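# Commentary on secondary and tertiary structure
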Amino acid sequence: MKKTCLLICLALVVSCGGSSETAPTTTPTTTVAPAVTITTPTTTTTTTVAPAATTTTPTTTVAPAVTTTTPTTTTTTTVAPATTTTPTTTTTTVALTSNDAKIDLINFSATPTSDLMSWVDFASNKMAERTANILIVAYNIGEYLGGEIPGMPFNSNEIVLSQSQIDLLIAQIEEWMLNDPCMGRNEERGHLNEELESYRFWLENGADTSTQRGLCERTRFVMMAWKDGQPTWDLQRFLVHELYHAFQRDIENDCNDIIDRMGSGEYVHAVVEGAADYFTFFTTDEIYTDEDRKNYDRIGYRNPVNTLLQDATGLMNEDDTNDVTGSGIATRAAVMLRLMVEKGWLSHESILDGSFHHNCARAELNPSNPDFVFAWENWFRIEEQNGVYKFEDSVLNN
């Protein structure tokens, strides 16, 4: 049975390509024009509309190392939401394609598909390369009901989707997987069925899912649930964080075995989560607008580094611990990586373009690396002056 990697966004941070095997010193730019086809739905409950396949040829600008193929865009099904208070939802599969690697979105949330895909497109174009097919599933949940779902790292919430919508969503996920070169193989059928059972269980229990699953080395699945009306900033961070996990090439290949042989520990999870949050803070800084900051009372915003250090300080004050593995591990670990960047021990660009996750480069961040140990033990040494957060001079000059 296929080993499945489950990554959970541990902080509520709301958190296409060729081949490059070394970490670049500058950030390559890959611009892929997404082909988006959205059908305007009519109100319905159980009707399933057969996909209409459309092939378009976008204008694509790619870095020299990238091979680009003509993408296909598929539009699948339109359904109406379960409640009359939620706007009519366009449920569609939208593809961004580069080098035969697609990002597909099935949107059962009230957030406009065009918004979600623009954020996905922006984050995707940061990557030096993309090799995995990614399916993103988005849906809304209601009020928090309290307590974790037994056996699952998700909390229980009111269920917004109707049973017919859940059935339709599962059918669409299954169709996508059957068309995937890896998951569609006969020998993966048992693995596929197990995955679908988990997704159905989450949906039928109102799970607040925030997960990326490595189904195969080049097949990734992202599932996210949120309450309608969540601030744009939180939604962007939520989506971009989970999407970056799907971009992390080395979390579903032989790199895991290499790290296991070195003696895996909490630091392994911290590095993976920290890189995702580091990418998230810097990328969403470019997406988030001044109007958004005004609307969501973020007028005092300065820059992504300041916000990252400020958020980490808040987390330390909440649980009164300086451990990297405390609450909000992703943000704490992102600060640790930022300290290594400012000390010149780690490339900022390699995290932002994903090349940090090529050739198992992250394996170098382990307890036998004195630079990593220093960052692990001193990441929390942050000071604030007049609203400006920065590392203490003694840490940077040590």
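Our structure's up above, just so we're on the same page.
Residues numbered from 1 in each chain as written. Predicted model: local features only at pLDDT ≥ 70, side-chain atom pairs only at ≥ 80, totals over all residues. Heavy atoms only, no water.

### Describing the overall build of the protein chain
Each helix and strand counted, the protein chain has 12 helices and 13 strands in total. Carbon and sulfur atoms form 48% of the exposed surface of the protein chain, whose accessible area is close to 16500 Å². (Helix = DSSP H or I, 4+ residues; strand = E, 2+ residues; numbered from the N terminus. Areas by Shrake-Rupley, 256 points an atom, 1.4 Å probe, with all protein chains shown as cover.)

### Overview of the pattern of salt bridges
Taken as a whole, this structure holds 17 salt bridges when the rule is applied. Glu-286 serves as the salt-bridge partner of Lys-126, at 2.7 Å between the closest nitrogen and oxygen. A residue pair is termed long-range when its members are at least 10 positions apart, and Lys-126 in the loop between helix 1 (113–124) and strand 8 (133–148) and Glu-286 in helix 6 (residues 266–287) qualify at 160 residues. Glu-286 sits in the partly exposed class, given a relative accessible area of 46%. The salt bridge partner of Lys-390 is Glu-383, with a shortest N-O separation of 2.6 Å. In this structure Lys-390 comes out as partly exposed when scored by relative accessible area, which is 30%. One salt-bridge network, in which partners are shared between bridges, spans Asp-167, Arg-200 and Glu-204. (Salt bridge = Lys/Arg side-chain N within 4 Å of Asp/Glu carboxyl O. Buried < 20%, exposed > 50% of the residue type's maximum accessible area, 1.4 Å probe, protein only.)

### So, the packing of helix 6 against helix 9 (residues 329–342)
The contact between helix 6 and helix 9 brings their axes to 7 Å, and the two run at 80°. In terms of axis orientation, helix 6 runs roughly perpendicular to helix 9. Across from His-269, Ala-270, Val-271, Glu-273, Gly-274, Ala-275, Asp-277, Tyr-278, Phe-281 and Phe-282 in helix 6, the residues of helix 9 making contact are Ile-329, Ala-330, Thr-331, Ala-333, Ala-334, Leu-337, Arg-338 and Val-341. Here the contact of helix 6 with helix 9 is built from residues that sort into 12 nonpolar, 3 polar and 3 charged. (Axes fitted to C-alpha atoms, helices over the stretch in contact; angles between N-to-C directions. Parallel < 35°, antiparallel > 145°, perpendicular 65-115°, else oblique. Contact = heavy atoms within 4.5 Å. Nonpolar A, V, L, I, M, F, W, Y, C, P; charged D, E, K, R; others polar.)

### Quick look at the side chain of Asn-107
Relative to the helices and strands, Asn-107 is located in strand 7 (residues 101–108). A relative accessible area of 1% means that Asn-107 is categorised as buried. A polar side-chain atom of Asn-107 sits 2.6 Å from a polar atom in the side chain of Ser-109. Separated by 2.9 Å, the side chain of Asn-107 and the backbone oxygen of Thr-111 make a polar contact. (Polar contact = N/O pair within 3.5 Å; in protein donor to acceptor, adjacent residues only side chain to side chain.)

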